Amino acid sequence: MSGNGGTLKFFNEAYKENRINLKVIAVISDRKCGALEYAKENNIQAHEIKIDKSNQDELKELIQLISADFVITTIHKVLHKDVISYSKSRFINLHYSLLPAYAGLIGMNTVRQAKLDNARFVGATAHLVSEDVDRGMILGQCFLLADWAANTMEYYYDIIFRGGCL
């Protein structure tokens, strides 16, 4: 579940170069996007389905059918607890902040808020998805000192994204 597919591309290319032992087997998105195109171009299952707040049954069934060991979520929607518990897969979320800071914010809105708050550090967190949004067990974090006067927002978006993928 992705937009332009940056995380997907990172993982798939790292797998093809034998840098990680995690194979991407499917991509699910709720809209046409770069991730679906990349998946199709690289012979990865690509699924476009409707996902909304009140109906996630199709998502639940598709995840069960795919039967992956892990589901990496970059979706900009909160997954129902029955979706998470229904599947044997472990859900991992990539959040662009040092959780618990900016829990609940989506995408790079976390970095914009950190700048508004004049935060001294920024980074990314990989965590297990739990019933409480952005509160699951932290698997890893990366961080860097923020110098808002010396660097552009694009610089922070890029470096935080790359650190999050790692």
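Reference entry: report on the structure contained in this document.

Each value, and the rule that gives it
Residues numbered from 1 in each chain as written. Predicted model: local features only at pLDDT ≥ 70, side-chain atom pairs only at ≥ 80, totals over all residues. Heavy atoms only, no water. Core = buried A, V, L, I, M, F, W, Y, C linked by side-chain atoms within 4.5 Å. Buried < 20%, exposed > 50% of the residue type's maximum accessible area, 1.4 Å probe, protein only. Helix = DSSP H or I, 4+ residues; strand = E, 2+ residues; numbered from the N terminus. Contact = heavy atoms within 4.5 Å. Salt bridge = Lys/Arg side-chain N within 4 Å of Asp/Glu carboxyl O. Pairing = 2+ DSSP bridges. Axes fitted to C-alpha atoms, helices over the stretch in contact; angles between N-to-C directions. Phe/Tyr/Trp six-rings, centres within 6.5 Å; stacked < 30°, edge-to-face > 60°.

**Some thoughts on the nonpolar core**
Thought 1: In this structure, Y96, V111, V122, W148, Y156 and I160 are the most contacted members of the largest nonpolar core, which totals 14 residues.
Thought 2: For this core, the elements supplying multiple residues, two or more each, are α5 (109-116), β5 (121-128) and α6 (153-165).
Thought 3: A total of three residues in this core trace back to one element, the largest contributor, which is α6.
Thought 4: If we skip the residues at most four places from it in the chain, W148 touches V111, A114, K115, N118, A119, V122, M153 and Y156.

**Thoughts on the pattern of salt bridges**
Thought 1: Under the criterion given, the structure shown has six salt bridges.
Thought 2: Close ionic contact of K60 with D57 constitutes a salt bridge, the shortest N to O distance being 3.6 Å. Remark: D57 and K60 occur in helix α3 (residues 57-66); sequence separation between them is three residues, near one turn of the helix.
Thought 3: Between R162 and D158 there is a salt bridge, with the nearest N and O atoms lying 3.0 Å from each other. Residue R162 and its partner D158 are both found in helix α6; the two are separated by four residues, about one turn of the helix.
Thought 4: For D158, a relative accessible area of 37% gives the class partly exposed.

**Some details on the environment of A146**
Thought 1: With respect to the secondary-structure elements, A146 resides in the loop between β6 (138-145) and α6.
Thought 2: Residue classification places A146 among the buried residues on the basis of a relative accessible area of 2%.
Thought 3: A C-alpha to C-alpha distance of 5.1 Å links A146 and F121, two positions 25 residues apart in sequence.
Thought 4: Those residues in contact with A146 that lie beyond four places of it in its chain are A119, R120, F121, V122 and Y156.

**Notes on the sheet that holds β5**
Across a sheet, strands are paired by hydrogen bonds formed along the backbone, either parallel or antiparallel in direction.
Thought 1: Taking strand neighbours across the sheet as the criterion, the four strands line up as β3-β4-β5-β6 in an open arrangement whose pairing is mixed. Of all strands in the sheet, those with a lone pairing partner are β3 (70-73) and β6, marking the two edges. Ignoring which end each strand starts from, the neighbouring axes of this sheet average 15 degrees apart.
Thought 2: In this structure, β5 lies alongside β6, joined through seven bridges in antiparallel fashion. Across the sheet, the residue bridging to V122 is L144, located in β6.
Thought 3: Contacting β4 (90-95), β5 and β6, α6 runs over the sheet at an angle of about 150 degrees to β6.

**Some thoughts on the packing of aromatic side chains**
Thought 1: Tallied over the entire structure, the rule returns five aromatic pairs.
Thought 2: Their ring planes at 45 degrees and their centres at 6.4 Å tell us that Y96 and F161 sit as a pair that is tilted. Taken together, the residues Y96 in the loop between β4 and α5 and F161 in helix α6 connect sequence positions 65 residues apart.
Thought 3: F161 sits in the partly exposed class, given a relative accessible area of 24%.
Thought 4: Here the aromatic rings of W148 and Y156 are separated by 4.8 Å at their centres, their planes lie at 50 degrees, and the arrangement is tilted. Here W148 matches Y156 in class, with each residue buried.

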